[in-house]
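Each chain, written out:
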Amino acid sequence: MDIVGIIIGGVLGAALLRHAGGWLAGMLFGWLLARSFRQSAKIEGLERRLRDIEALIEEQPVEDPEIASVPPRREEREEAPLKVFSPPAPEPAPAAVRSEIKPPPRAPSLEDHLQAKIKAFFTEGNVVLRVGLLVLFFGVAFLLKYAAERNVISIEMRLLGVALGGLGLLGFGWRQRQARPGFALLAQGGGIGIMYLTVFAAFKLYHLLPTPLAFAVMLGLVITSTALALLQDASSLALFGGAGGFLAPVLLSTGSGNHVALFSYYALLNSGILAVSWFKAWRSLNLLGFIFTLGIGSMWGLNSYQPQHFATAEPFLILFFLMFNAIGVLFAFRQPPNLRGYVDGTLVFGTPVVCFSLQAGMVQEGMPHGLAYSALAVSLFYIVLARFLWNKGDERLRQGMRTLTEALLALGIVFATLAVPLALSGRWTAVTWAMEGAALVWVGNRQNRVLARSSGFLLQFAAGFCFLADGGYYGTRLPVLNGTYLGSAIIALSALFSSWQLCKADTLRRWEKWHHLPLFFWGCLWWFCAGFIEIDRIFSHRSEDHCNLLFTALSCAVMTRLAARLNWKTAAWPSLLLPLFMTLMCLDKIGWQSHRHLFFADGGWAVWPLAFVLLHDSLRQGRGLLNARCLSVNHIIGYLLLTLIVTSEGGWLTHQLIGGAGVWNDLAWGLIPAGMILLAHSRWLEFRWPLAKYARAYQRHSSLVLAFLLWIWLLAGSFGSAGNAPPLPFIPLLNPLELSQIAVLLLLVWWLLRHRLLPEPALAAFGAGTAFLWLNTALARAVHHLAAVPFNADAMLSSRLYQTALAIFWALLSLALMTAAGRRRSRSVWFAGSVLIAATVLKLFFVDLAASGKVERIVSFIAVGILLLLIGYFSPLPPKKEEAP
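Each chain carries its own residue numbering, running from 1 in the written order of its sequence. Side-chain atom pairs in this predicted model are given and counted only at pLDDT of 80 or more, local residue features only at pLDDT of at least 70, and totals for whole chains, interfaces and linings cover all residues. As a rule here, side-chain values come from all non-hydrogen atoms in the structure, and water together with hydrogens is ignored.

## A look at the overall build of the protein chain
(1) Moving on: Runs of H or I in DSSP of at least four residues are treated as helices and runs of E of at least two as strands, each being numbered from the N terminus. Along its length, the protein chain carries 35 helices and zero strands.
(2) Moving on: Residue burial is assigned from relative accessible area. The probe radius is 1.4 Å, only protein chains are included, and a residue is buried under 20% of its type maximum, exposed over 50%, and partly exposed in between. Here the protein chain, with 885 residues, has 46% of them falling under the buried criterion.
(3) Moving on: Here, residues are in contact when the closest pair of their heavy atoms is within 4.5 Å. Counted over contacts in the protein chain with a minimum sequence separation of 6, partners at least 24 positions apart contribute 72%.

Shown next as C-alpha cells:
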C-alpha cells in the first residue's frame, strides 16, 4: 500500500508541477495518504473482529473455554443474571468433521500481500471519499495554476473563493465529526490543506498579503489544525494538516530562493507540532515535521547554499535542532506509564546526525575549527539536558526516563569525544559513523531492537573502511594529538564498546550471538595497528621496539582488568598473546654473543621490568576468565623469558665489569638459570601466588626446559672452554668454571631426584656419564694449563702426556668403582668398572703403544699394571648377589 501510494503520488506530482520538486512532494503526499488509509483499514478490521467475537460469545457462552474466558460486555453484565455453568466434557470430533480439517494455510508472500492491499484500496471502505479528496486537492492546485496563466478572474477573487471553499469544507467536516468521524477528519484535513495553499499563494506568488499578516494567518491555521486534532484526539487530522502546510511551499515554489521566508514558515509549522507534542505522543506527526524540514533544508543546502547565507541560515538550523530535540523528549514523557521513557531513535539520534551534517557543510569554508566548536556546543547541550532530566519528577518517572537520559548523556559524550579529532582532522564522517554505530548497538540492546543492533554492527565496519579510504595524516602532526591516531582510536573503542554490549546481551537472536566476536577482533586490530603506526612515526628505530612492547603490555593489562570488572571474558583474550609477542621481541633482539647489551639498552631497563609486571597482573586478573591450560602455558613462557632476559643482561654486566676477559661472562649463562630453578623451589615463594597455584608449571615444566639447557651449557663449557678466569690463577677443580659446573651438575641430579622424571638406572647412567665426560675435560684443562698443551681436540689427542694421564685416570676410576662395588655388593657398578678397565687396556695396546714416547709408554704400562693388581686384590670377582648397603 505504501509503495503504491508513493508511486502514484510521485507520478501525479511530476505531471502536475513539471519540475524535480513535484516528484518529492507527490511521493510524500502519496505516502501520507497510504498510511492514513492503512490505519483506517486496520481500525475497520479490528471493529469487524470485535463484532465477530461478541456474536460468538452470545451464541456459545460456555462451550469453548477460551471464548468463555473473554469478559462479557458491560451491558450484558448488568442485565444477565448470575449463573454457574459447568462445561461438558469434550467429545472427539466425528470422522466427517475430522476429514474436513485442512492444514494451516501458508504464510502470504510479499506479492500476495501487495495484491491484497491494492484490491482492498479499490474495493473496501469509502473509496469514493478517498479518491474524491485526492482529486479535489490536485484540482485546487490545477485551478490556481490555470487561473494564474489565463487571468480569467481577478486574483483576489480567485484566492478568496478558494479560501472560502476550504473554510466550507472544514466547517462541514466539523459538523459531521459525531455522525461520520472518519469522513469528518478527512474533510477537515483537506480544508486546512487548501487554506494553507491559498495563504501561501497570496503571500509568495501574488504578494497580496504583507509578511506580518501572512505569517499571522499561517500561525492561525497551525493553531486551528492543532486545536481540532487535540479536541478530536485525531492524529490523522494533524497529519493531514501538517502535510498540507509542508507541501504548500513545494507545490507553489517559484524558484526565488528566499530561504528566510521558507524556514520561517517551517518554523511556524514545527512550533505547532511542538505544541501538539506537549499533549499527545503522535510519532507520525513528529516524523512528518522532521522529514520535511530537514529534508527540504538539506536539498536547499546542496543546491543553493553560499557562505554569505551563513548568518541567516545558522539561526534556523539551531532553532530546528532545539525543536526536534524538545519534541523527542516530550514524546518520551507523553508515553503510557508502562512505556514511559521509550526513545524515538529517529528523532533522538537522527536530529544530531542530520543537523551536524548540515553544520559541517556550512562551516567547511572559512572556519577551520568551526565543526569542532559545533561538536563541543552540541555535547554541552546534551550533557546539560541529560543532567536536567536525570532528577526530573518522582522516582517512578525517573526510572521510566532512565533510557532517554542515558541516550542523551551518551550523545553528549560522543560529541565531546568527536570535538577533539575534528579540531585536528577533517575525517568526521567515519568517526561519526563509528560512534553512531556504538550508540545504535547500545539502544538496540536496551530496547531489544534487532534493526538497531544490526545497523550499528554494520556501521562499525563501514566507518573503518571509510577512514582507510581517506589515507594520510590530516592537520597537526603532534604525537597522539592528531586526527589520524585519535580517529583510529575512536573507531577501535566504538567497536570494542559495541562488542561488549552484544556480548552481555541476553535477548539476542541465534544468528546475532556471534556478532560480538568480529567486532572485538575489528576493534583490537584498529587499536593495536593505530598504536604501532603512531609509535613508528614518532620514535626512532632503536626505541621503537620498546615502545611497542610497553604499549602492548599496557593495553593487555587494561583489557584484562576490564574483563574482570565487567565479566567480559572476551576482553582478556589479547593477554594470552602477550607472552608470544614478548617472545617475538626477544627473538628480534637475541644474539648468541652473551656480552651484548640486548634488552636494557635504549630505555629497556625500564620497559622490560614494567612489561613483566603488567604480564604478571594480566595473568593474575585472568584467573576465572581464561582457560587454565592456556594460563599455565603463559606462566611457563613468561618464566622462561624472564630467565633469558636476566641471564643475558647478567652476562653483559659481568662482561662490562671484567672487561670481557676469560669465562666470567659465560658463567652467568649457567649460574643464573640454576638460580631461577632454585627460586622456583623456594619455600618462601611456595605458598605465594603464582607458585601456590601453578607450582607444577614452574617447578616441573619450566624447570625441565632450564635443566636441559643447563646440561647443554655444561657440555658446551666442558668441551669448549679452557677455563681462563683472570686475574685468578688456574687451580684444577677449584677454578670458577669447574666449580660452577660442579654446582650445576649437582643441581641437575637434585632436581631429577626430586621430581623422579627418570627411573633410577637411567638416572644413574645419566649422572655417571655426564660426570665421566666432565672429568675427562677437566683433566684436559689441567694438562692445558700445567703443560701448555693447546686446548683443542687435535692437540689433546696428539698429546702423549694427556693420553698417559687419561689412561692412569681411567684405571684409578675403575679401581674406585670396583672397590666400592665390592663393599656395597653392587653388581652393576662392578661391571661398569670392569668395562672401564677393558677400555683402559685396549687404549694402552692400540693407542698409547703406537703414539706415546718411551717414557710415557713405560709410565702408562707400569701404572695401569699396578692398578690392575690392586683391583684384583680388593675385588677379584663380582659379587654373587646384589644387596642394599
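Still more ground to cover, so stick around.
## Structural notes on unusual backbone geometry
(1) Moving on: The step from W689 to P690 runs through a cis peptide bond, and the omega angle for that step is 15°.
(2) Moving on: Following P726, the chain continues to P727 via a peptide bond in cis, the omega torsion being 10°.
(3) Moving on: With respect to the element layout, P727 can be found in the loop between α29 (695–720) and α30 (736–755).
(4) Moving on: You will see that N567, though not glycine, has its phi angle at about 55°, which is positive.
(5) Moving on: Its location among the elements puts N567 in the loop between α23 (541–566) and α24 (573–589).

## A closer look at the side chain of S494
(1) Moving on: Among the secondary structure elements, S494 is positioned in helix α21 (residues 483–504).
(2) Moving on: A relative accessible area of 7% places S494 in the buried class.
(3) Moving on: The definition of a polar contact used here is a pair of N or O atoms within 3.5 Å, where within protein one atom must be able to donate a hydrogen and the other to accept one, and adjacent residues in sequence count solely through side-chain atom pairs. Among the polar contacts listed, one links the side chain of S494 to the backbone oxygen of I490, at a separation of 2.8 Å.
(4) Moving on: Those residues within four positions of S494 in sequence are excluded, and the remaining contacts are A434, M435, A438 and Q460.

## Let's talk about empty space enclosed by the protein
(1) Moving on: In this analysis a 1.4 Å probe is tested at points of a 1 Å grid over the protein atoms alone, and where it fits but cannot get out there is a cavity; an open set with protein on both sides within 12 Å along at least five of seven lines is a pocket; lining residues have an atom within 4 Å of a point. Grid points are joined across faces, edges and corners, and a volume is the space filled by probe spheres set on the points. Counting across every chain of the model gives six cavities of 30 Å³ or more.
(2) Moving on: Estimates place the volume of the second largest cavity at around 110 Å³.
(3) Moving on: Together, 13 residues line the second largest cavity, and S225, T226, A238, G242 and I273 are the ones closest to its centre.
(4) Moving on: Looking at the lining of the second largest cavity, the elements with two or more residues in it are α10 (211–232), α11 (235–251) and α12 (259–279).

## Comments concerning the side chain of H259
(1) Moving on: Looking at where H259 falls in the secondary structure, it is placed in helix α12.
(2) Moving on: Since its relative accessible area comes to 8%, H259 is described here as buried.
(3) Moving on: Within polar-contact distance, the side chain of H259 engages the side chain of T312 at 2.7 Å.
(4) Moving on: Setting aside anything within four residues of it in sequence, one finds H259 in contact with W300, H309, T312 and A313.

## Some remarks on the packing of helix α26 (residues 628–658) against α29
Describing two packed helices takes the angle between their axes plus the distance from one axis to the other.
(1) Moving on: Direction vectors running N to C along α26 and α29 enclose 50°, while the axes themselves pass 10 Å from each other. By the angle between their directions, the pair α26 and α29 is classed as oblique. In the crossing of α26 with α29, the sense of the turn from one axis to the other is right-handed. Contacts between α26 and α29 involve S632, H635, I636, Y639, L640 and T643 from the former and A697, Y698, H701, S702, V705 and L706 from the latter.
(2) Moving on: Here the residues of the contact of α26 with α29 sort into seven nonpolar, five polar and no charged. A fitted line through C-alpha atoms serves as each axis, taken over the contacting stretch for helices, and the angle formed by two N-to-C directions is quoted from 0 to 180°. With respect to orientation, any angle under 35 degrees is reported as roughly parallel, any angle over 145 as roughly antiparallel, any angle of 65 to 115 as roughly perpendicular, and every other angle as oblique. Each crossing gets its handedness from the near helix: less than a right angle anticlockwise from the far helix is left-handed, clockwise is right-handed. Amino acid classes used here: Ala, Val, Leu, Ile, Met, Phe, Trp, Tyr, Cys and Pro are nonpolar; Asp, Glu, Lys and Arg are charged; the rest, including Gly, are polar.

## Here's the deal with the state of the cysteines
(1) Moving on: Defined by distance alone, a disulfide is two cysteine sulfur atoms within 2.5 Å. Tallying each qualifying case throughout the model produces zero disulfides.
(2) Moving on: With no disulfide partner, C524 has as its closest neighbouring cysteine sulfur the one in C556, 8.5 Å distant.
(3) Moving on: Judged by its relative accessible area of 10%, C524 falls in the buried class.

## What about the confidence of the model for the protein chain?
(1) Moving on: Of the residues in the protein chain, 71% reach a pLDDT of 70 or more, and the chain-wide mean stands at 76.
(2) Moving on: For every residue, the predictor states its confidence as a pLDDT score lying anywhere from 0 to 100. Here helix α4 (residues 74–79) stands out as the element of the protein chain with the lowest mean pLDDT, 40, in contrast to helix α22 (residues 516–538), whose mean of 93 is the highest.
(3) Moving on: Counting interchain partners and residues more than four positions distant, the pLDDT-below-50 stretch residues 591–595 has 11 contacts.
(4) Moving on: Here residues 881–885 scores under 50 on pLDDT; set against residues more than four positions off or in separate chains, the count is eight contacts.

## Considering the pattern of salt bridges
(1) Moving on: Basic side-chain nitrogens of Lys or Arg form a salt bridge, by our definition, when they fall within 4 Å of a carboxyl oxygen of Asp or Glu. Per the counting criterion, the structure on display carries five salt bridges.
(2) Moving on: Residues D617 and R561 are paired through a salt bridge, measuring 2.9 Å at the closest nitrogen-oxygen approach. Of the two residues, D617 is situated in helix α25 (residues 604–621) and R561 in helix α23; the sequence distance between them amounts to 56 residues.
(3) Moving on: Judged by its relative accessible area of 16%, D617 is buried.

## Some thoughts on the nonpolar core
(1) Moving on: Membership of the largest hydrophobic core comes to 95 residues, with the highest contact counts inside it found for Y196, Y266, F320, L404 and L408.
(2) Moving on: If you tally residues by element for this core, the top one is helix α14 (residues 310–333), at 11 residues.
(3) Moving on: Membership of the second largest hydrophobic core comes to 65 residues, among which are F551, W608, I645 and W774. Nine residue types can take part in a nonpolar core, namely buried Ala, Val, Leu, Ile, Met, Phe, Trp, Tyr and Cys, and a core is a set of them joined through side-chain atoms within 4.5 Å.

## Describing the packing of aromatic side chains
(1) Moving on: Pairs were defined over the aromatic rings of Phe, Tyr and Trp, the Trp ring being its six-membered one, requiring ring centres within 6.5 Å. Orientation was assigned from the angle between planes: stacked under 30 degrees, edge-to-face over 60, tilted for the rest. This model, assessed by the stated rule, comprises 34 aromatic pairs.
(2) Moving on: Arranged with centres 5.8 Å apart and planes meeting at 80°, the rings of F467 and W526 form a pair that is edge-to-face. Of the two residues, F467 sits in helix α20 (residues 450–469) while W526 sits in helix α22, which places them 59 residues apart along the sequence.
(3) Moving on: The class of F467 is buried, set by a relative accessible area of 3%.
(4) Moving on: With relative accessibility at 9%, the residue W526 sits in the buried group.
(5) Moving on: Through successive ring pairs, a cluster of aromatic residues spans F457, F461, F465, F467, W514, W522 and W526.
(6) Moving on: If you follow R177 out to its NZ or CZ, it ends over the ring of W174, 3.8 Å from the centre.
(7) Moving on: For the cation-ring pair, K504 lies above W500, with the distance from its terminal atom to the ring centre recorded as 4.2 Å. Remark: a charge is flagged as sitting over a ring if the NZ atom of Lys or the CZ atom of Arg is within 6 Å of the ring centre and within 35 degrees of the ring normal.

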